[in-house]
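# A closer look at the structure
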Amino acid sequence: QVQLVESGGGLVQAGGSLRLSCAASGFIFGNIRVGWFRQAPGKEREFVAAIRWSGNSAAYSESVEGRFTISRDRSKNTVGLQMNSLKPEDTAVYYCAASTRTAGTYSDSSIYARWGQGTQVTVSP
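We now turn to the structure provided with this report. (Residues numbered from 1 in each chain as written. Predicted model: local features only at pLDDT ≥ 70, side-chain atom pairs only at ≥ 80, totals over all residues. Heavy atoms only, no water.)

## Re the side chain of Asp90
The line we're drawing: The way it works is that DSSP assigns letters per residue, a run of H or I at least four long becomes a helix, a run of E at least two long becomes a strand, and they are numbered from the N terminus. Counted as a polar contact is a pair of N or O atoms within 3.5 Å, where, for protein atoms, one must be capable of donating a hydrogen and the other of accepting one, and residues adjacent in sequence contribute only when both atoms are in side chains. Should any heavy atoms of two residues lie within 4.5 Å, those residues are counted as being in contact.
Mapping Asp90 onto the fold places it in the loop between strand 8 (78–83) and strand 9 (92–99). Side-chain polar atoms of Asp90 contact the backbone nitrogen of Lys87, separated by 2.8 Å. Every residue in contact with Asp90, bar those within four places of it in the chain, is listed here: Arg38, Arg67, Phe68, Ser85, Val121 and Val123.

Spelled out as structure tokens, the structure:
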């Protein structure tokens, strides 16, 4: 059974750090891309970062580049999102998603067929 489970969300002050983790199972890992998206109240879901399971290709949104780092641990089948220098505008529910499609851009949510349940990140001023 294909499954994605996020963890690591919480409350942090502005300027602080959090690390999210996405545990993946049930995939043929070699061909997948794993992405992080977020959705704040009253806003559209937006792309945050994504990485290919094989190779080193990764992508970030402009709003997080330089502050967030996506990584994968093949031994644990997890994808992490290290979030530094957090800002109140980073407050959102963060979702992990997986795509088996070889075409399409990382930031296109429609290519991701599997989604986790989400984890809340709240950054206080």
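## Observations regarding the environment of Gly8
With respect to the helices and strands, Gly8 occurs in the loop between strand 1 (3–7) and strand 2 (10–13). Residues contacting Gly8, with those up to four places away along its chain left out, are Leu18, Arg19, Leu20 and Thr119.

## So, the state of the cysteines
The test is simple: The disulfide definition used here is simple: a pair of cysteine sulfur atoms within 2.5 Å. Per-residue accessibility, obtained with a 1.4 Å probe over protein chains only, is compared with the maximum for each type, and a residue is labelled buried under 20%, exposed over 50%, and partly exposed between these values.
For the structure on display, the rule yields one disulfide. Across the disulfide from Cys22 sits Cys96; the S-S distance is 1.9 Å. Because the sign of the S-S torsion sets the handedness, a value of about -70° for the bond joining Cys22 and Cys96 places this disulfide among the left-handed ones. Of the two residues, Cys22 is situated in strand 3 (residues 18–25) and Cys96 in strand 9; the sequence distance between them amounts to 74 residues. Classification of Cys22 by relative accessible area gives buried; the value is 1%. Given the relative accessible area of 0%, Cys96 is considered buried.

## What to know about the nonpolar core
Rules: Buried residues of nine kinds, namely Ala, Val, Leu, Ile, Met, Phe, Trp, Tyr and Cys, make up a nonpolar core once their side-chain atoms join them within 4.5 Å.
If you look at the biggest cluster of nonpolar residues, it comprises 29 residues, and the most contacted ones within it are Trp36, Val48, Phe68, Val79, Leu81, Met83 and Tyr94. Those elements giving two or more residues to this core turn out to be strand 3, strand 4 (33–39), strand 5 (46–52), strand 7 (68–73), strand 8, strand 9 and strand 11 (119–124). Look past the residues within four positions of Leu81 in its chain and what remains in contact with it is Leu18, Arg19, Leu20, Trp36, Val48, Ala49, Phe68, Thr69, Ile70 and Tyr94. The next biggest cluster of nonpolar side chains, apart from the first, holds eight residues, and it includes Phe47, Ala59, Ala97 and Ile111.

## Focus on the sheet that holds strand 1
Strand pairing in a sheet is mediated by backbone hydrogen bonds. Such pairs are either parallel or antiparallel. Rules: DSSP-based pairing: two strands are paired if at least 2 bridges between them are found. Lines fitted to C-alpha atoms define the axes, with helix axes restricted to the stretch in contact, and inter-axis angles between N-to-C directions lie between 0 and 180 degrees.
Pairing is antiparallel across the open sheet formed by four strands, whose spatial order is 1-3-8-7. Because the sheet does not close on itself, it has two edges, and the strands there are strand 1 and strand 7. Sheet twist, expressed as the average angle between the axes of neighbouring strands with direction ignored, equals 15°. Inspection of the sheet shows strand 3 paired to strand 8 by six bridges, in the antiparallel sense. Bridge pairing links Ala23 to Thr78 in strand 8.

## What about the pairing of strand 9?
Taking burial as the measure, the eight residues of strand 9 include six buried ones, the bulk of the element. For strand 4 and strand 9, the ladder comprises seven bridges, and the chain directions are antiparallel. When the sheet's bridge partners are listed, Arg33 is paired in strand 9 with Ser99. Pairing geometry for strand 9 and strand 11, over three bridges, is antiparallel. Note on strand 11: the bridge partner recorded for Val93 is Gln120. The pairing of strand 9 with strand 10 (residues 114–115) spans two bridges and is antiparallel. Note on strand 10: the bridge partner recorded for Ala98 is Arg114.

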